[in-house]
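One letter stands for each residue in the lines below.
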Amino acid sequence: MLRQGLTAGFAALVLAAGWSQGQAAAAATGAAAPAAAAPAAAAAPAAGASGAQTPVQVEAAAAKGTLKNPYSDDNKDIDEQGHKLFFGLSCNGCHGGTGGGGMCPPLINDVWVYNGDDDTLFRLVTLGSVALQAKGYTRRGRENVVAPMPPMGPLFTSADDLWKVITFIRSAYDGDPKYKFGSPPPPPPPPDE
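Note that the structure is predicted; figures quoted are calculated from it, not measured.

K.L.:
I'm lost on the packing of helix H6 (residues 118-127) against helix H8 (residues 159-172) in this one. Help?
P.N.:
Relative orientation and spacing of two packed helices are given, respectively, by the angle between their axes and the distance between those axes. The interhelical angle for the contact between H6 and H8, taken along N-to-C directions, is 120 degrees, at an axis separation of 11 Å. If you check the angle between H6 and H8, you find them oblique. Between H6 and H8 the crossing geometry is right-handed. Side by side, H6 and H8 meet where Asp-118, Leu-121, Phe-122, Val-125 and Thr-126 of the first sit next to Ala-159, Leu-162, Trp-163, Ile-166 and Arg-170 of the second. Grouping the constituent residues of the contact of H6 with H8 by class yields seven nonpolar, one polar and two charged.

K.L.:
Before we go on, may I ask you to explain the packing of helix H4 (residues 76-88) against H8 in this structure?
P.N.:
The N-to-C vectors of H4 and H8 enclose an angle of 105 degrees; their axes lie 7 Å apart at closest approach. Considering their axes alone, H4 and H8 lie roughly perpendicular with respect to each other. The residues of H8 that touch H4, namely those facing Ile-78, Asp-79, Gln-81, Gly-82, His-83, Leu-85 and Phe-86, are Asp-161, Lys-164, Val-165, Thr-167, Phe-168 and Ser-171. When its residues are assigned to classes, the contact of H4 with H8 shows five nonpolar, five polar and three charged.

K.L.:
Help me understand the confidence of the model for the protein in this model?
P.N.:
Do not read the fine detail of predicted coordinates wherever pLDDT is low. Mean pLDDT over the protein works out to 75, with 70% of the residues at or above the 70 mark. Averaged over each element, pLDDT in the protein is lowest for helix H2 (residues 21-29) (41) and highest for helix H3 (residues 55-61) (96). Confidence drops under pLDDT 50 across residues 1-45; counting only partners more than four residues distant or on other chains, this segment forms 44 contacts.

K.L.:
Looking at this structure, how should I read unusual backbone geometry?
P.N.:
Negative phi values dominate among residues other than glycine, just as trans dominates among peptide bonds. The phi torsion at Ser-90 lies on the positive side, around 65 degrees, for a residue other than glycine. Looking at the secondary structure, you find Ser-90 in the loop between H4 and helix H5 (92-95).

K.L.:
When you look at the nonpolar core in this model, what are you seeing that I'm missing?
P.N.:
Side chains of a nonpolar character, in soluble globular proteins, are inclined to be buried together. Leu-67, Phe-86, Phe-122, Phe-156, Leu-162, Ile-166 and Ile-169 are the most contacted members of the largest nonpolar core, which has 21 residues in total. Sorting the residues of this core by element identifies H6 and H8 as the ones contributing at least two each. Tallying contributions element by element places H8 first for this core, with seven residues. In contact with Leu-162, other than residues within four places in its own chain, are Pro-55, Phe-122, Val-125, Thr-126 and Phe-156. Formed by seven residues, the second largest nonpolar core is a distinct cluster that contains Val-113, Tyr-114, Leu-124 and Tyr-137.

K.L.:
Which parts of the structure should I look at to understand the pattern of salt bridges?
P.N.:
Pairing is possible between side chains of opposite charge, provided their charged atoms come close. Within the structure shown, the criterion is met by five salt bridges. Put simply, Arg-170 and Asp-118 hold a salt bridge, and the shortest N to O gap is 2.8 Å. Here Arg-170, found in helix H8, pairs with Asp-118, found in helix H6; they are 52 residues apart in sequence, far enough to count as distant. Using a relative accessible area of 3% as the deciding quantity, one classes Arg-170 as buried. Note that Asp-160 and Lys-164 form a salt bridge whose closest N and O atoms lie 3.4 Å from each other. One end of the pair is Asp-160 and the other is Lys-164, both in helix H8 and four residues apart, which spans about a single turn. Classification of Lys-164 by relative accessible area gives buried; the value is 11%. Through salt bridges with shared partners, one network takes in Glu-59, Asp-119, Arg-123 and Lys-135.

So, how was this worked out
Residues numbered from 1 in each chain as written. Predicted model: local features only at pLDDT ≥ 70, side-chain atom pairs only at ≥ 80, totals over all residues. Heavy atoms only, no water. Axes fitted to C-alpha atoms, helices over the stretch in contact; angles between N-to-C directions. Helix = DSSP H or I, 4+ residues; strand = E, 2+ residues; numbered from the N terminus. Parallel < 35°, antiparallel > 145°, perpendicular 65-115°, else oblique. Left-handed = near helix turned anticlockwise from the far one by under 90°. Contact = heavy atoms within 4.5 Å. Nonpolar A, V, L, I, M, F, W, Y, C, P; charged D, E, K, R; others polar. pLDDT = per-residue confidence, 0-100. Core = buried A, V, L, I, M, F, W, Y, C linked by side-chain atoms within 4.5 Å. Buried < 20%, exposed > 50% of the residue type's maximum accessible area, 1.4 Å probe, protein only. Salt bridge = Lys/Arg side-chain N within 4 Å of Asp/Glu carboxyl O.

Written out as structure tokens, the structure is:
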């Protein structure tokens, strides 16, 4: 029964993300997607229903390293909105109801598979892991990952909604505080003697 539910949930996610049959099969098996298959996130969609920019549009226009969350993780109202969006977009189906993991990595510990900074998280959710790697990002951490992260950006009606989900993830973080926003910078070199 659980397997049927997971299969149905994955099928719904595949349809919602606009994956081709080849991309879905690759994601399900962990294999590389067929070369001819273009990710759904590659096509720039129209602005969201409210006229706000979508995550795909924001990601495409921003230079690497420039995306910053406008919300702080102690904002309870934004945190609650982000938690509702997390469930509404079925993020919990893979990452667990509190972000603690499931068939995909936990989002609240101190292991960031790519990095935990705002820019990387926004792009990872928007593009998915395959397109993120195609843009030069590499894995930094390891978790028990069953499938690649699908491109979820096209499912959000606005970039603001994605920032709210990231705010929820930050507010639920339960790992080492120095890793909350990704890998800390290396310590400065010792002074010359």
